[in-house]
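Architecture at a glance
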Amino acid sequence: MRRIPVWADVVLIPLINLLLAVFVSGLVVLYIGESPVKAMRVLLQGSIGSAYAWGYTLYYATNFIFTGLAVAVAFHARLFNIGGEGQAGLGGLGVALVMMAWDWPHWALALPAGIIASALFGAAWAAIPAWLQAKRGSHIVITTIMFNFIASALLVYLLVNHLKLPGSMSPETPPFPPGAHLPTAHEILAWVGVKFPKSPPVNIALLLALLAAFAVWVLIWRSRLGYEIRAFGHSEEAARYGGIAPVRIIMLTMLISGALAGMMAVNAVQGEAERLVLDSVQGAGFVGIAVALMGRSHPVGVILAAILFGMLYQGGVELEFEMPAISREMIVVIQALVILFTGALDNMVRLPVSRLFHRRGRGGGRAGAGGNG
Amino acid sequence: MDLDIVLQLADSSVRLATPLLLACLAGLYSERSGVFDIGLEGKMLIAAFFAAATAAVTGSAWVGLAAGLAASLVFSMLHAVASITFRGNQLISGVAINFLAVGMTALLGHTWFRQGGQTPQLVGDARFHAIELPGAARLADVPVIGPVYAEVISGHSILVYIAFLAVPLTWWVLYRTRFGLRLRAVGENPAAVDTAGISVPLLRYQALVITGILCGIAGAYLSTSMNAGFVREMTAGKGFIALAALIFAKWRPWPALFATLLFGLLEAIGIRFQNVELGGIGTIPVQFMQALPYILTVVILAGFVGKAIPPRAGGEPYVKEE
Amino acid sequence: MSAEVTRAPGIESGEARAAPPPALRLVGISKSFGPVQANRDIHLEVEKGTIHGIVGENGAGKSTLMSIIYGYYQADAGEIEVHGRKVEIRSPQDAIAAGIGMVFQHFKLVENFTVLENIVLGVEGGALLGPALRRARRMLVELARDYELAVDPDAVIETLSVGLQQRVEILKALYRHADILILDEPTGVLTPAEADHLFRILRSLRDEGKTIILITHKLREIMEVTDRVSVMRQGEIVATRETAATSPEELAELMVGRKVLLRVEKPPARPGDRVLEVRDLCLRDEKGVERLKNISFDLREGEILAIAGVAGNGQSELLEVLSGIRAARGEVRLGSEPLDVARPDARLAREMGLAHIPEDRQRRGLVMEFHGWENTPFGYHHEPRFDRGWGLMDQKEMKRDAAGKFERFDIRPANPDLEARSFSGGNQQKIVVAREIEHNPDVLIVGQPTRGVDIGAIEFIHRQLIELRDAGCAILLVSVELDEVLSLGDRILVMFDGRIMGERRPEETDERELGLLMAGVDPGAPEAGTATGAEGREG
């Protein structure tokens, strides 16, 4: 057996993978004719160089924690949920419908309502591909992608034909009532007397995201359902033998996954935009894939990777402003490279690293044997 | 509906089915060899961009096609390295390739042309134009056959004819040649191929080269024939629809033709009949018509049209056992 | 041995030896997988025109060695000589070129291809298929005539019986002009009659001057068909003997490195009440093939009912149905309660007192990526003692439970924190056995309990089963090993083609009679010849 230490598996290899992705991205920047070093400086300055920057970075990170957890939970059951984009979009619809249904008196009521609505809508959108996978064996990767397209068409239709203000040109809902407004970091920190810039959209949903990460950890590694999900993910045959019904696991896992993706809307729709706009998800569902892969499907890893991508997104905005030659799509390139190196080309780094450890391990073993003999 | 509308629908079905057909056959080679490829979409997209960009600069559609092929091949080999050499997860590799294509095309488009990610409008020889087949004009007056020949069969670009010729060619390769035999075998039982003294990786690499070429043609067709330039994310899920068609076709070339024509027809109907009035019920919204191919894809995957058994070794990297 | 070889061309011999060089000579072959040394400094000579047996326990390194000769694996060190010439074998291609053919234990056939397509794969001799298929068709006719190797060239592999599939594998090797033919555990999937037929083919191939290497763990076969035999143990060749000058007892001792009991000691059974009643069980699989045809039997407490049969005759399906993994039609009663086989529920079956040691521990019985302590409650993880409330599991209790099982069943290494995959086959099986036995089931169903398990663990597991029986448990044992069936079973059922061919008592039957039943022939019935079974014609 090729065994490598845990720290190498969860820290060293992802780090090397990340550096490779950054290196290739640097080459791309170089090709465009800009200085990668300067780009990196702008990116870091823009994402973590000030409280203001942190405020945006953490806002994006909150989105990615939700979508990253969604992908991670599904991964544990060996399900590849690429539908985070559509599920989060539907989550936004759920939030909007609930927020517009009533003149909410206080955020303490609106927040749980938003959570429930977004989770239910997200879960419902994941339920159909899940059912088709469980009952009909339809490839969940393709069905969830199709459901992203269908969700997008559905949301356009609803916004254009039913939800926008009559007479308004822009396809978006009217603003939610003031009572639905979620406390931002500025407001929360003001309660304890800490000053924080007013404009960054980071809000109470960040705490919700961290709570969700903890809940996922408990679910996967401490609960009976998590035990069954992992067993099913490792071996469907064994799961059947162990009395674990595949249909139940696929359904539950995907419902949880869809609910997590949907809850992103609490942050983006209820917390930031305070109305439902076209494309409220802005690719965060896809970023979740990279986040889950980099975070090795572990909640702590997901949080760290989500912050990293939050930096990338916020820094990317600054980058586009400071260095117009580099467009925002640079982020998508980096995201793709991260998925490529940490997901698909993992063995490229893993094999040499484990060979290295193995060689050292064998040397040690020989010394030990000599001592015994 | 009169004959004109039927002919128009048939004609645009052929046009719309062409990229699906090429991508579907591309997927056929890859999946028959045992490598899942959900990166068809990305390969088409990158090819579409490079074909249009090169054609715009050189003024030659053929040079553009070559550039598109090269770009698609590079991506295909990336997938090959990840999934064959490094035995990575083929789904994840495909996802990465799709994102890489979206990002690279937008980034390079922005850098090169500064038109919001689009390439300049292609004119003249920078585009593949319709070819009039011999006798089309003369036969046009013959009832039924004439218009069908002139409107539906004649008058497409060379890439359309290449796509349709690729169907019998693929059939012949698959069932009548040594390469086809080995290709079919390696997707079913790579160990049988290995112990017969044939290199499994080499065979799969060869298959992915063909996949790259076909995706390249599909992409070039999108941007230099069907449209006059590259638009961001212009593949719009065609790669995934092609995969659904492949499943529908049970990984066989002739059924692939019919499956993709069906999707082409559906798309043609969606474009022709926007905001359809249904007596008494109301209008079918345009968004529904646009979503129709995606919905049909789900329906097909749900197996409501018959069960499909994929190549047995599909999706798994080959590792010797025993 | 090779006294008849007199036509050795071009060899000027000294007066001592006129014999030609050996067909195959291995010099110092070594191979390791990571830290595991599978082959250690192997030296072996196989004379031309002989059948050379290689015996050894599971994991002794037989299959690895043969895979090296066939170029499927690369040796770390050592040389291979074929007919006195040193050859570099880097791939199966090289081996084929050197005249070596191999029939693997798990056939390397493309299941949805025809026989012809499988035979030409890799030796098409041109870019087009047509000529290759025509050539192969002609050749097949000749081979069938010469060696009793008839098979329909246009039959699709998956419709053929395993015996015929094996024939295709042999034909593949001969079509490639193999001069040295290696067969890895060729009789594991055959009825005794089919095995006899195979041996006839092997003898006639030998008489034609071909060299055969037969790998097996069945000593009976070695004694019956080989000219010489080499014994492997822990990656090394420990002895080579003339078959005529050795005995099964000596070989067994060489294999294990100590004296072994070839038979299990067990007191007579004292059957009690009926606890499992199976009536008219029928199962049709996804392809519409009937896998179980009106299976009926009873099982009483305190007895072991053994089911014999060649693999693939419905035993696996029977186990799956009874353990609640697969749906079927028919009636099953467990104790006094009915078990709904139409709606299988493995958890419910366990709660009703049925435990199951599955045939395939690596795919079924264990989650290989789970720690030992996560595997010990697997399937019983709903029990209240593992429950901490709020849907959480009590990991302390799981670990405590695992530590106890590891100690009582002497599972090594005694560390439940290791993942299941880091244990040897025997110890993995002990984890499964410990888990299932310690729940004191009323009924235990067991599939191939000792497949891929070393002799020490086999003895241990057999003892455990007998103790459990004597404690009153009803045991249903499915095994393809006739030795196991005969020594453990109190009653024996034989399955063939989804049916129960008959019931026998071990003291009143023998391997020959069971073998005929396994081939679908009832020797009790008049006019029963062995020929029909031997040919095994299907499709």
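Residues numbered from 1 in each chain as written. Chains lettered and ligands numbered in written order. Predicted model: local features only at pLDDT ≥ 70, side-chain atom pairs only at ≥ 80, totals over all residues. Heavy atoms only, no water.

Description of the overall build of chain B
The condition is simple: Every helix listed is a DSSP run of H or I at least four residues long, and every strand listed is a run of E at least two residues long, numbered separately from the N terminus. Taken over C-alpha atoms, the radius of gyration is set against a globule rule of 2.2 Å times the number of residues to the power 0.38. For each residue, the accessible area found with a 1.4 Å probe, counting protein chains only, is set against the maximum for its type, and the residue is called buried under 20%, exposed over 50%, and partly exposed in between.
If you tally the helices and strands in chain B, you get 13 helices and four strands. Scaling as 2.2 N^0.38, a compact globule of 322 residues should have a C-alpha radius of gyration of about 20 Å, and chain B matches this with 20 Å. When its C-alpha atoms are laid out on the principal axes, chain B stretches across 65 × 45 × 45 Å. By residue count, 59% of the 322 residues in chain B fall in the buried class.

Focus: the overall build of chain C
The test is simple: Residue contacts are counted whenever heavy atoms from the two residues lie within 4.5 Å of one another. In this charge count, Lys and Arg are treated as positive and Asp and Glu as negative; neither His nor the chain ends contribute. The location of each charge is read from NZ of Lys, CZ of Arg, CG of Asp or CD of Glu.
Secondary structure assignment for chain C yields 18 helices and 20 strands. For chain C, the C-alpha atoms occupy an extent of roughly 80 × 50 × 50 Å along the three principal directions. Every one of the 539 residues in chain C was classed for burial, and the buried ones make up 54%. In chain C, the proportion of contacts linking residues at least 24 apart, taken out of those at least 6 apart, comes to 66%. With 69 positive and 89 negative side-chain charges, chain C shows a spacing of 2 Å between the two charge centroids.

Digging into the domain arrangement of chain C
Residues and elements named next belong to chain C. Using the following cut-off: The source of the domain bounds is an automatic or database domain assignment. The quantity reported as buried area is the accessible area (1.4 Å probe) lost by two parts once they are put together, taken as the sum for both. The salt bridge definition used is simple: a Lys or Arg side-chain nitrogen within 4 Å of an Asp or Glu carboxyl oxygen.
What the domain assignment lists for chain C is domain 1 (5-255) and domain 2 (274-311 + 318-510). Using only C-alpha atoms to locate each centre, domain 1 and domain 2 end up separated by 35 Å. Between domain 1 and domain 2, the residue contacts involve nine residues of the former and eight residues of the latter. Both sides of the domain 1 and domain 2 interface together cover about 700 Å² of buried area, and 54% of this is carbon and sulfur. For the domain 1 face of the interface with domain 2, the top three residues by lost area are Glu57, Asn58 and Val189, together amounting to 46%. On the surface where domain 1 and domain 2 come into contact, there are zero salt bridges.

So, the side chain of Arg224 of chain A
For Arg224 of chain A, the position within the fold is in helix H9 (residues 224-234). Setting aside chain neighbours within four positions, we find Arg224 of chain A in contact with His381, His382, Asp387, Gly391, Leu392 and Met393 of chain C.

Some words on the packing of aromatic side chains
For clarity, the cut-off: Only the six-membered ring of Trp is used, alongside the rings of Phe and Tyr, when aromatic pairs are assigned; centres must lie within 6.5 Å, and planes under 30 degrees apart are stacked while those over 60 apart are edge-to-face, with the rest tilted. By the criterion adopted, a ring carries a charge over it if an Arg CZ or a Lys NZ lies within 6 Å of its centre and within 35 degrees of its normal.
Applying the stated criterion across every chain yields a total of 28 aromatic pairs over all chains. Judged by centre distance (5.5 Å) and plane angle (85°), the rings of Phe49 of chain B and Phe50 of chain B are edge-to-face. On the basis of relative accessible area, Phe50 of chain B is assigned to the partly exposed category, the value being 22%. An aromatic cluster is defined as three or more aromatic residues linked by ring pairs; in this entry it consists of Tyr31 of chain A together with Phe49, Phe50, Trp112, Phe113 and Phe230 of chain B. Looking at Lys108 of chain C, its charged tip hangs above the ring of Phe104 of chain C, at a distance of 5.0 Å from the centre. The ring of Trp373 of chain C carries Lys399 of chain C above its face, with NZ or CZ at 4.6 Å from the centroid.

Comments concerning helix H13 (residues 286-301) of chain B
Residues and elements named next belong to chain B. Rules: What a helix should span is 1.5 Å times the count of its residues minus one. Values of bend correspond, residue by residue, to the angle between axes fitted over the seven residues ending at that residue and the seven starting there.
Relative to the 22 Å expected for 16 residues at 1.5 Å per residue, H13 spans 24 Å between its end C-alpha atoms, a close match to the ideal helical length. The axis of H13 is deflected most strongly, by about 45°, at Leu292, and proline Pro293 appears within four residues downstream. For H13, every residue scored as buried is listed here: Val286, Gln287, Met289, Ala291, Leu292, Pro293, Tyr294, Thr297, Val298, Ile300 and Leu301. With its phi angle positive at about 75°, Gly303 sits one or two positions after the end of H13.

Some points on the side chain of Glu31 of chain B
Residue and element names in this part refer to chain B. Structurally, Glu31 can be placed in helix H1 (residues 3-32). Of the side chains bearing the opposite charge, Arg32 lies closest to the buried Glu31, which forms no salt bridge; the N-O distance is 8.9 Å. When residues no more than four places from it in sequence are discounted, the contact partners of Glu31 are Phe36, Asp37, Leu243, Leu246, Trp251 and Pro311.

Quick word on the interface of chain C and chain B
Each partner contributes to the interface: chain C provides 29 residues, whereas chain B provides 24 residues. Carbon and sulfur atoms make up 55% of the surface buried where chain C meets chain B, a total of about 2300 Å² over both sides. Summed over the shared surface of chain C and chain B, the number is four salt bridges. The closest approach of N and O atoms between Arg312 of chain B and Glu158 of chain C, which form a salt bridge, is 3.4 Å. Elements with a contribution of two residues or more to the side of chain C that touches chain B: helix H2 (92-97) and helix H3 (115-120) of chain C.

Digging into helix H4 (residues 129-147) of chain C
Residues and elements named next belong to chain C. Convention followed: In this context, the arc is that of the directions from the helix axis out to the C-beta atoms.
In this model, H4 (19 residues) spans 26 Å end to end at C-alpha, consistent with the 27 Å of a helix rising 1.5 Å per residue. Buried residues of H4: Leu129, Ala132, Ala136, Leu140, Leu143 and Tyr147, and no others. For H4, the buried positions fall inside an angular range of 80° around the axis, keeping them on one side. Seen from the buried face of H4, the exposed residues on the opposite side, beyond 90 degrees, are Arg134, Arg138, Val141 and Arg145.

Quick notes on the sheet that holds strand S1 (residues 24-33) of chain C
All names here are of chain C. Using the following cut-off: For two strands to be treated as a pair, DSSP must find no fewer than two bridges joining them. Geometry is summarised by axes, namely lines fitted to C-alpha atoms with helices restricted to the contacting stretch, and by angles between N-to-C directions that run from 0 to 180 degrees.
Strand order across the open sheet formed by four strands is S2-S1-S4-S5, with antiparallel pairing between neighbours. The two strands at the open ends of the sheet, each matched to only one other strand, are strand S2 (36-46) and strand S5 (85-87). Between one strand and the next, the sheet's axes are offset by a mean angle of 30°, whatever the strand orientation. Bridging between S1 and strand S4 (residues 77-82) involves five bridges; their strand directions are antiparallel. Its bridge partner lying in S4, Val27 is registered against Glu79.

What to know about the interface of chain A and chain B
Which entries qualify depends on this criterion: We define a polar contact as two N or O atoms separated by no more than 3.5 Å, with the added condition that, inside protein, one atom must be a possible hydrogen donor and the other a possible acceptor, whereas residues neighbouring each other in sequence contribute only through side-chain atom pairs.
With 42 residues of chain A at the contact, the number on the chain B side is 45 residues. Taken together, the two surfaces of chain A and chain B that pack against each other cover about 3700 Å², and 81% of this comes from carbon and sulfur. Looking only at chain A, the three residues that lose the most surface to chain B are Arg136, Ile142 and Met146 of chain A, adding up to 15% of its buried area. In this assembly, chain A and chain B are joined by one salt bridge. One salt bridge connects Arg232 of chain B with Glu329 of chain A, and the closest N-O pair in it is separated by 2.7 Å. Summed over the shared surface of chain A and chain B, the result is six residue pairs in polar contact (both at pLDDT 80 or more). Put simply, the parts of the chain that give the side of chain A that touches chain B at least two residues each are helix H1 (6-32), helix H5 (107-136), helix H6 (140-163), helix H12 (284-294), helix H14 (330-344) and helix H15 (346-372) of chain A. Looking at the side of chain A that touches chain B element by element, the count peaks at 12 residues for H6 of chain A.

Re the pairing of S4 of chain C
Residues and elements named next belong to chain C. Judged from the three bridges that link them, S4 and S5 form a sheet pairing that is antiparallel. Along S5, the bridge assignment pairs Ile80 with Val87. Linking S4 back to S5 in an antiparallel pair, the connection comprises two residues, with His83 at a positive phi of about 50°.

A closer look at the packing of helix H12 (residues 253-272) of chain B against H13 of chain B
The axes of two packed helices give the description: the angle between them and the distance between them. All names here are of chain B. Here is the rule we go by: Just so you know how the angles are binned, under 35 degrees is roughly parallel, over 145 roughly antiparallel, 65 to 115 roughly perpendicular, and the rest oblique. Left-handed is the label given to a crossing in which the near helix is rotated counterclockwise from the far helix by less than a right angle, and right-handed is the label when the rotation is clockwise. Each residue gets one label: Ala, Val, Leu, Ile, Met, Phe, Trp, Tyr, Cys and Pro are nonpolar, Asp, Glu, Lys and Arg are charged, and the others, such as Gly, are polar.
Interhelical geometry of H12 versus H13 gives an angle of 155° and a closest axis separation of 8 Å. In terms of orientation, H12 and H13 fall into the roughly antiparallel class. For the element pair H12 and H13, the recorded crossing hand is right-handed. Each of Leu262, Phe263, Leu266, Glu267, Ile269 and Gly270 in H12 lies in contact with H13, whose residues at this interface are Met289, Leu292, Pro293, Leu296, Thr297 and Ile300. The class makeup of the residues in the contact of H12 with H13 is nine nonpolar, two polar and one charged.

Thoughts on the pattern of salt bridges
Residue and element names in this part refer to chain C. Tallied over the full model, the rule gives 62 salt bridges over all chains. Across the pair Arg25 and Glu81 runs a salt bridge whose closest N-O atoms are separated by 3.1 Å. With Arg25 in strand S1 and Glu81 in strand S4, this residue pair connects regions lying 56 residues apart in the sequence. For Arg421, the salt bridge is made with Glu419, and the minimal N-O distance between the two is 3.1 Å. In this structure, a network of salt bridges that share partners links the residues Glu383, Arg385, Glu397, Arg400, Asp401, Lys405, Arg408 and Glu438.

A look at the sheet that holds strand S8 (residues 211-216) of chain C
Residues and elements named next belong to chain C. Ordered by their spatial adjacency, six strands build an open sheet running S6-S7-S8-S3-S9-S10, and the pairing between neighbours is mixed. Lying at the two open borders of the sheet, with one neighbouring strand each, are strand S6 (100-103) and strand S10 (236-242). Averaged over all neighbouring strand pairs, the angle between strand axes comes to 20°, with direction disregarded. Pairing of strand S3 (residues 51-56) with S8 involves five bridges; the strand directions are parallel.

Examining the environment of Trp191 of chain A
Inspection of the secondary structure assignment puts Trp191 of chain A in helix H7 (residues 185-191). Trp191 of chain A sits in the exposed class, given a relative accessible area of 58%.

A look at the nonpolar core
Filter applied, for reference: By nonpolar core is meant a set of buried Ala, Val, Leu, Ile, Met, Phe, Trp, Tyr and Cys residues that side-chain atoms within 4.5 Å join together.
Ranked by internal contacts, the top residues of the largest apolar core, which has 258 residues, are Phe64, Phe80, Ile289, Phe309 and Ile339 of chain A together with Leu444 of chain C. Setting aside residues up to four positions removed in sequence, Phe80 of chain A forms contacts with Phe75, Ile140, Val141, Thr144 and Ile289 of chain A together with Leu91, Ile92 and Val95 of chain B. Within the second largest apolar cluster, 83 residues are counted, among which are Met66, Ala155, Ile157 and Tyr175 of chain C.

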